[in-house]
Amino acid sequence: MYARWIREGKLPVNSDWNKDLGVTFTVQDPCQLVRKSLGNPVAEDLRFVVRSVVGDDNFIDMWPNKSNNYCCGGGGGFLQSGYSDERRAYGRIKLDQILHTKADYCIAPCHNCHSQIHDLSEHSGANFPVVHLWTLICLSLGILGENEREYLGDDLKEVGL
Amino acid sequence: MGETTVLAVEPKQSELMKKIKDLLPEGGNLNMCLACGACSSGCPATGMEGMDPRKFVRLALLGQEEVLRSTPWVWMCTMCRRCIHACPMGVDIPQLVYLCRQTWAREDRPKGILGSCEQALNTPGNSAMGASSEDFKFVVEDVLEEVREGQPGQENLVAPIDKQGAYYFLNQNSREPVTEPDEMVPLWKILSLVGADWTYGTKGWAAENYCMFLADDDAWETVVRNKAKAVEDLGCKVWLNTE
């Protein structure tokens with residue numbers, strides 16, 4: 001949807017805000033959205049949105065990616081199953097994938113992924129911020145309010161205010 | 001030399017396996033497993049509880065029903081479907097895991113998942129966190145008012161609830177209204193900007209469905225039907241699930 005709205009000109013995002021900052025981002029492919037439903041085309045759309053919002057040069061893809069990406073470990077009820085140690089062990093691959101990109105931020109366009117990767121980041125001490133797309137889209141449009149920055153790092157807390 | 005070897009192992013034919021093969025299209029292709037290990041080598045749950053996807057399939061084929069029924073590994077596999085994506089023979093291991101979850105007595109399944117499913121069944125909004133529709137409505141209206149008053153340029157922002165005939169029925173994960181309501185706002189702004197005609201509903205508004213993870217088909221269906229009915233009752237065209 002975001003990709004369509006950007007292409008139709010209804011969502012005039014751009015990456016000017018990040019031109020000088022050069023904050024880098026990677027993105028998680030939610031299993032539910034990509035491998036289990038819409039496949040690589042939606043993964044391409046996802047990257048189109050991310051690149052439009054953060055700038056081509058500031059996007060670093062993880063590997064493997066798209067339909068072949070790894071599950072974060074938040075799905076299937078794992079977050080509520082009580083097996084927290086196992087869940088974090090499962091997420092180790094995801095954490096390593098993200099750290100390997102050396103990106104400053106991870107974008108998680110899925111609620112489960114967001115909770116899980118946020119927990120992986122905090123629990124491992126890596127402490128990279130994990131954000132939803134809607135946060136970055138509004139940041140890019142200059143309409144992100146002060147209270148809507150819970151998941152942004154300190155570097156972006158003031159941008160566009 | 002020259003002698004033939006007779007394989008004397010007769011796989012046990014278990015009820016579980018019969019049921020599984022009947023349920024899955026093409027029997028889940030379970031018999032097609034080449035034991036190549038592509039599934040296990042790319043599975044983050046490999047090694048947990050001494051289990052991995054290949055071993056799970058082999059145990060199934062050998063009729064080791066007790067092991068399949070008892071291993072907590074079925075709750076550590078997220079059914080992400082990366083194994084079947086990699087499998088040259090299309091063996092449906094995730095569905096096998098799902099069916100094994102169903103063999104657990106309901107009360108023995110993980111309490112967190114069970115509780116979340118029960119909460120969804122007990123609230124008209126199907127909220128796994130047990131949030132009431134009144135609270136949801138109150139939080140949305142409260143946050144909206146704050147934004148309209150406090151953010152220049154957002155005076156006309158809307159967050160409709162139960163708007164008859166809206167094009168999109170937007171659902172909402174319970175976490176935002178319950179723990180971080182301000183996180184709902186960016187999406188409202190995006191929807192306003194693109195001119196989308198949308199609404200929340202006081203019925204079936206929650207995005208999550210833990211009954212599916214619980215592998216309780218009846219409860220899963222109840223929740224989905226309630227949500228679908230909420231969309232239809234408002235005459236909405238598209239059921240929009242959020243990030």
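Residues numbered from 1 in each chain as written. Chains lettered and ligands numbered in written order. Predicted model: local features only at pLDDT ≥ 70, side-chain atom pairs only at ≥ 80, totals over all residues. Heavy atoms only, no water.

## Section: the interface of chain B and chain A
Between chain B and chain A, the contact holds 43 residues from the first and 50 residues from the second. Across the chain B/chain A interface, buried area totals approximately 4100 Å², and carbon plus sulfur atoms make up 60% of it. Per-residue buried area on chain B facing chain A is highest for Arg82(B), Glu183(B) and Glu243(B); these three make up 20% of the total on that side. Where chain B packs against chain A, one counts one salt bridge. Close ionic contact of Glu148(A) with Lys189(B) constitutes a salt bridge, the shortest N to O distance being 2.8 Å. Where chain B touches chain A, the interface holds 19 residue pairs in polar contact (both at pLDDT 80 or more). Of all the secondary structure elements, the ones that give two or more residues to the side of chain B that touches chain A are helix 5 (82-86), helix 7 (111-122), helix 8 (133-150), helix 9 (175-179), helix 10 (185-193) and helix 11 (210-213) of chain B. (Contact = heavy atoms within 4.5 Å. Buried area = accessible area lost by both parts, 1.4 Å probe. Salt bridge = Lys/Arg side-chain N within 4 Å of Asp/Glu carboxyl O. Polar contact = N/O pair within 3.5 Å; in protein donor to acceptor, adjacent residues only side chain to side chain. Helix = DSSP H or I, 4+ residues; strand = E, 2+ residues; numbered from the N terminus.)

## Quick notes on the sheet that holds strand 1 (residues 168-170) of chain B
Residues and elements named next belong to chain B. As summarised here, the arrangement of the three strands in space is 2-1-3, forming an open sheet in which the pairing is parallel. With one partner strand each, in any of the chains shown, strand 2 (198-199) and strand 3 (238-240) form the two edges of the open sheet. Bridge count between strand 1 and strand 3: three bridges; the pairing is parallel. Bridged to Leu 170 within strand 3 is Leu 240. This element, helix 12 (residues 217-233), spans strand 1 and strand 3 of the sheet and lies at about 125 degrees to strand 3. (Pairing = 2+ DSSP bridges. Axes fitted to C-alpha atoms, helices over the stretch in contact; angles between N-to-C directions.)

## Side note on the packing of aromatic side chains
Summed over all chains, the structure comprises twelve aromatic pairs over all chains. Considering the side-chain rings of Phe25(A) and Tyr105(A), the 5.0 Å spacing of their centres and the 35 degrees angle between planes classify their relative orientation as tilted. Separated by 80 residues along the polypeptide, Phe25(A) in strand 1 (residues 25-27) and Tyr105(A) in strand 2 (residues 105-107) bring together distant segments of the chain. The same class applies to Phe25(A) as to Tyr105(A), namely buried. Counting every residue linked through ring pairs, the aromatic cluster contains Phe136(B), Trp188(B), Trp198(B), Tyr200(B) and Trp205(B). (Phe/Tyr/Trp six-rings, centres within 6.5 Å; stacked < 30°, edge-to-face > 60°. Buried < 20%, exposed > 50% of the residue type's maximum accessible area, 1.4 Å probe, protein only.)

## With respect to the sheet that holds strand 2 of chain A
Residue and element names in this part refer to chain A. Taken in spatial order, the three strands of this open sheet run 1-2-3, and their pairing is parallel. Edge strands, defined here as strands with exactly one partner in the open sheet, are strand 1 and strand 3 (130-131). Bridge count between strand 2 and strand 3: two bridges; the pairing is parallel. What sits directly across from Ile 107, in strand 3, is Val 131.

## A look at the environment of Gly112(B)
Relative to the assigned elements, Gly112(B) resides in helix 7. For the pair Gly112(B) and Tyr210(B), spaced 98 residues apart in sequence, the C-alpha separation works out to 9.3 Å.

## Let's talk about the packing of helix 3 (residues 53-61) of chain B against helix 6 (residues 93-102) of chain B
Residues and elements named next belong to chain B. Look at helix 3 against helix 6: their axes get within 10 Å of each other, and the N-to-C directions meet at 65 degrees. Relative to helix 6, helix 3 is oriented roughly perpendicular. In this structure, the crossing between helix 3 and helix 6 has a hand that is left-handed. Note on element contacts: helix 6 touches helix 3 through Ile 93, Leu 96, Val 97 and Cys 100, opposite Pro 53, Phe 56, Val 57 and Ala 60. For the contact of helix 3 with helix 6, the per-class residue count stands at eight nonpolar, no polar and no charged. (Parallel < 35°, antiparallel > 145°, perpendicular 65-115°, else oblique. Left-handed = near helix turned anticlockwise from the far one by under 90°. Nonpolar A, V, L, I, M, F, W, Y, C, P; charged D, E, K, R; others polar.)

## Thoughts on the domain arrangement of chain B
All names here are of chain B. Along its sequence, chain B is carved into domain 1 (15-104) and domain 2 (124-240). The C-alpha-based centres of domain 1 and domain 2 are spaced at 36 Å. At the junction of the two partners, domain 1 supplies four residues and domain 2 supplies seven residues. Overall, the association of domain 1 and domain 2 removes approximately 400 Å² of surface from exposure, summing both partners, and the carbon and sulfur fraction of that is 50%. (Domains from an automatic or database assignment.)

## Some points on the nonpolar core
In this structure, Tyr2(A), Leu11(A) and Trp188(B) are the most contacted members of the largest nonpolar core, which totals 56 residues. In terms of residues, this core owes the most to one element, helix 6 (residues 133-141) of chain A, which gives seven residues. Setting aside residues no more than four positions away along its own chain, Tyr2(A) makes contact with Leu11(A), Val49(A), Leu133(A), Trp134(A), Ile137(A), Leu187(B), Ile190(B) and Glu243(B). Counting residues in each nonpolar core, the second largest holds 49 residues, with Cys43(B), Met48(B), Ala60(B) and Leu96(B) among its members. (Core = buried A, V, L, I, M, F, W, Y, C linked by side-chain atoms within 4.5 Å.)

## Brief notes about the pattern of salt bridges
Taken as a whole, this structure holds 21 salt bridges over all chains when the rule is applied. Among the charged side chains, a network of salt bridges with common partners joins Arg4(A), Glu8(A) and Lys10(A).

## Things to note about the side chain of Asn126(B)
Inspection of the secondary structure assignment puts Asn126(B) in the loop between helix 7 and helix 8. Ignoring anything within four residues of it in the chain, the contact list for Asn126(B) reads Ala120(B), Gly204(B), Ala206(B), Glu208(B), Val223(B), Asn226(B) and Lys227(B).

## Brief notes about helix 10 of chain B
Counting buried positions along helix 10 of chain B gives seven out of nine residues, so the element sits mostly inside the fold. Listing the buried residues of helix 10 of chain B in full gives Val185(B), Pro186(B), Leu187(B), Trp188(B), Lys189(B), Ile190(B) and Leu191(B). Residues of helix 10 of chain B that are buried sit in contact with helix 1 (2-7) and helix 6 of chain A together with helix 8, strand 1 and strand 2 of chain B.

## A few points about the state of the cysteines
Scanning the entire structure with this criterion turns up one disulfide over all chains. Put simply, Cys117(B) and Cys211(B) are joined by a disulfide, and their sulfur atoms are 2.1 Å apart. Linking Cys117(B) and Cys211(B), the disulfide has an S-S dihedral of approximately 95 degrees and is accordingly described as right-handed. Taken as a pair, Cys117(B) in helix 7 and Cys211(B) in helix 11 lie far apart in primary sequence, 94 residues in all. Given the relative accessible area of 0%, Cys117(B) is considered buried. Judged by relative accessible area, which is 0%, Cys211(B) ranks as buried. The closest cysteine sulfur to the non-disulfide-bonded Cys72(A) is located on Cys113(A), 3.9 Å from its own sulfur. (Disulfide = S-S within 2.5 Å.)

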